[in-house]
Amino acid sequence: MSIGEAPGRGYASLQKVRVVTETAPVHSPKRPPPLPGRVPSGPAGPYRAYKPRPFTRAERDKVTILFGGLHWRAERLIQASMENLGYSTRVLPTASRADLLTGRELADIGQCCPTSFTTGNLANFLREETKRIGAEQVADNYVYLTAGSCGACRFGQYHQSYELALRNVGLESFRMFLLGQNGLDQGAAQGGGLELNLPFTLGAVWAVVLGDIIQDIEYQIRPFEKNPGETERVTREAVDYVYEVFRKRPRRGEKWVALAWHALTRYFVDAMREVRVRYDAIEVDRLRVKPVVKITGEFYLQTVEGDPNHNIHRWLESEGAEVYPAAVTVWLDYLMRLEGQNFEERFGIDRSARLKYAGIRAVQALLRWTYNRMRHALADLPREMPDQFELRALAAPYYNARLNGGEGDMLVGKALWAYHHKKAHMTCELSPYSCMPNTMSVGAMAGVLGKHPDLLYAPLEIKGDAEVHALSRCQMILTEAKKRAQREYENVLERIGMTEERVHAAVAARPELVRATHRVPRYGVAGTAANLALHVAGGRPS
């Protein structure tokens, strides 16, 4: 059929389709005019880098700060730490499949899926608020706070995707502010309404640490709970309790006094002891044989729980696995190691390099010490953080530590760390579609698997809309991990000369072993059931 020819009977379904000929005028939809405060760019004017309208101190009482993108426990506690400083905050809902499609529609179609999810998430929320109160009220009553970065990853350009999406929905004067990753005291944002000072940053970091601790203990308990749903309920109660702890956090100065108080106070330690009491009431059966699956990957996909990663955490649990989640605190530790490398390489060239490096190592040590203090308050049940320099050494033969886009050499290092130290039976790496750094790490893992063919590794390319493909790929590796966990347990029983019935009887005779907060030492095996069997047999911890 030629252009302009009327469709015949066989083309009835096409009769209402508009055919555009070469001479037909094309009318693009009219874009809504920009709100006051922004100079148009594009065909109507030159490109201008995004610069938000000032957020003034006088506006703080009526403006709500939006943020999100972490697991819900950390988000809730960060919200409390900001409210403690007098900010009104709101956590964006977890991104959904609809947000992915909106992000693709409104921003760059070639962006990685975390960008599409987060861009669409913000745009859809603001669209709904615009319907409710109008565009001008949305621009005046909300600001968005997100992390900023620079490097070989699209993360450094997220805010440009947000700007493009907001321009396409007629919210060009909406304000966004970036929280840099390389400073504890970044001063006030333009206008002074948002002060990114030490009390702000320390509150956020401590909220992340405590949120990670609670997440880790939750994932260790839930697969073995005797009363389904009890761990979920206690976790909600624990987070609500710690939320109030952060909201009532004492104010101790603006600079180094605040740092000293956070480092030395028992305020948060006592809170975590109370959390331990709440979890202590849960009864568990740790003799259920389950493979341990270590989650790694791109920061957003390994952290969030929901549609962006196909609910991989809950899906793995439903398939009979124990999930080892990725802690945000490890990412903070990595950023400091990365910053320290910059000065480490300038020894002998820059006179101040050693002093600056020592300062970074001191802050890094403070973070790890704080994390371990909170672990101790929970009877050391939460898992320890991997040593960043060990991760770097493990990854070095396969991945250069200077390639710092995304999670850099950590993805290779964490997979080898979990393998050598028997932390997990398999590693599941969540790689976004079109993510360059993760593509390189997956390629480097080919060399790792060549040297360690028994390392179970499931790299999943997450597109956001290919769930069956991703989960079926994971299920194939998970099947082998289940077999290994079962063989490991049977080998332990043979080694200690006990039957499964005798082990169950030995556990039943010791009531403390059914308490959720009782820590079972590690004996050089990965599985929880295998470690417990060695424990009741009097094995020596590794």
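It should be emphasised that the depicted structure is a prediction, and the values quoted were computed from it without experimental measurement.

### Examining the packing of aromatic side chains
Working definition: an aromatic ring pair is given by the centre-to-centre distance plus the angle between the planes. All told, the structure shown has eleven aromatic pairs when counted by the stated rule. Ring centres of Y87 and F200 lie 6.0 Å apart, and the angle between their planes is 90°; this geometry places the pair in the edge-to-face category. Of the two residues, Y87 is situated in the loop between α1 (72-84) and β2 (88-91) and F200 in helix α6 (residues 198-221); the sequence distance between them amounts to 113 residues. Under the relative-accessibility criterion, Y87 is labelled buried at 5%. A ring pair is formed by W261 and Y267, whose centres lie 5.8 Å apart and whose planes are at 45°; its orientation type is tilted.

### A closer look at unusual backbone geometry
Positive phi is not limited to glycine here, since H310 has a value of about 60°. Relative to the helices and strands, H310 resides in the loop between α10 (299-303) and α11 (312-318). Taking the relative accessible area as the measure of exposure, H310 reaches 3% and is therefore buried. Not every positive phi belongs to a glycine, and A379 is a case in point at roughly 60°. As for its placement among the helices and strands, A379 is situated in the loop between α13 (353-377) and α14 (388-395).

### Re the nonpolar core
Membership of the largest hydrophobic core comes to 79 residues, with the highest contact counts inside it found for L194, L210, F246, M272 and Y279. Here the element with the most residues in this core is α6; it accounts for 13 residues. Sequence-distant contacts of Y279, that is, excluding residues within four places in its chain, are made with I214, I217, E218, I221, T231, V234, T235, A238, A516 and T517. Counting 27 residues, the second largest nonpolar core, distinct from the first, contains Y300, W315, V323 and C428.

### Re the environment of A377
Here A377 lies in helix α13. Overall, A377 belongs to the buried group, its relative accessible area being 1%. Between the alpha carbons of A377 and M272 there is a distance of 5.8 Å; along the sequence they are 105 residues apart. Leave out the neighbours within four places in its chain, and A377 touches V269, M272, R273 and R276.

### Remarks on the confidence of the model for the protein chain
The predicted coordinates ought not to be read in detail in places where the model reports low pLDDT. Per-chain confidence: the protein chain averages 88 in pLDDT, with 87% of residues scoring 70 or above. Predicted confidence is poor over residues 1-11, with pLDDT under 50, and the contacts of this stretch with residues over four places away or in other chains come to seven contacts.

### Looking at helix α19 (residues 528-536)
Burial within α19 is extensive, with nine of its nine residues counted as buried. The set of residues buried in α19 consists of T528, A529, A530, N531, L532, A533, L534, H535 and V536. Looking one or two residues beyond α19, the residue adopting positive phi is G538, at roughly 85°.

### Things to note about the sheet that holds strand β10 (residues 456-462)
Two orientations exist for strands paired in a sheet by backbone hydrogen bonds: parallel and antiparallel. On the basis of which strands lie adjacent, the open sheet formed by four strands has the order β8-β7-β9-β10 and parallel pairing. Every other strand in the sheet has two partners, leaving β8 (322-324) and β10 as the edge strands with one partner each. Taking each pair of neighbouring strands and ignoring which way they run, the sheet shows an average axis angle of 25°. Bridge count between strand β9 (residues 426-432) and β10: seven bridges; the pairing is parallel. Residue T427 lies in a different strand from β10, and its bridge partner there is Y457. Contacts between helix α16 (residues 436-451) and the sheet are confined to β7 (292-297), β9 and β10, with β9 contributing the most and set at about 150° to the helix.

What counts and how
- Residues numbered from 1 in each chain as written.
- Predicted model: local features only at pLDDT ≥ 70, side-chain atom pairs only at ≥ 80, totals over all residues.
- Heavy atoms only, no water.
- Phe/Tyr/Trp six-rings, centres within 6.5 Å; stacked < 30°, edge-to-face > 60°.
- Helix = DSSP H or I, 4+ residues; strand = E, 2+ residues; numbered from the N terminus.
- Buried < 20%, exposed > 50% of the residue type's maximum accessible area, 1.4 Å probe, protein only.
- Core = buried A, V, L, I, M, F, W, Y, C linked by side-chain atoms within 4.5 Å.
- Contact = heavy atoms within 4.5 Å.
- pLDDT = per-residue confidence, 0-100.
- Pairing = 2+ DSSP bridges.
- Axes fitted to C-alpha atoms, helices over the stretch in contact; angles between N-to-C directions.

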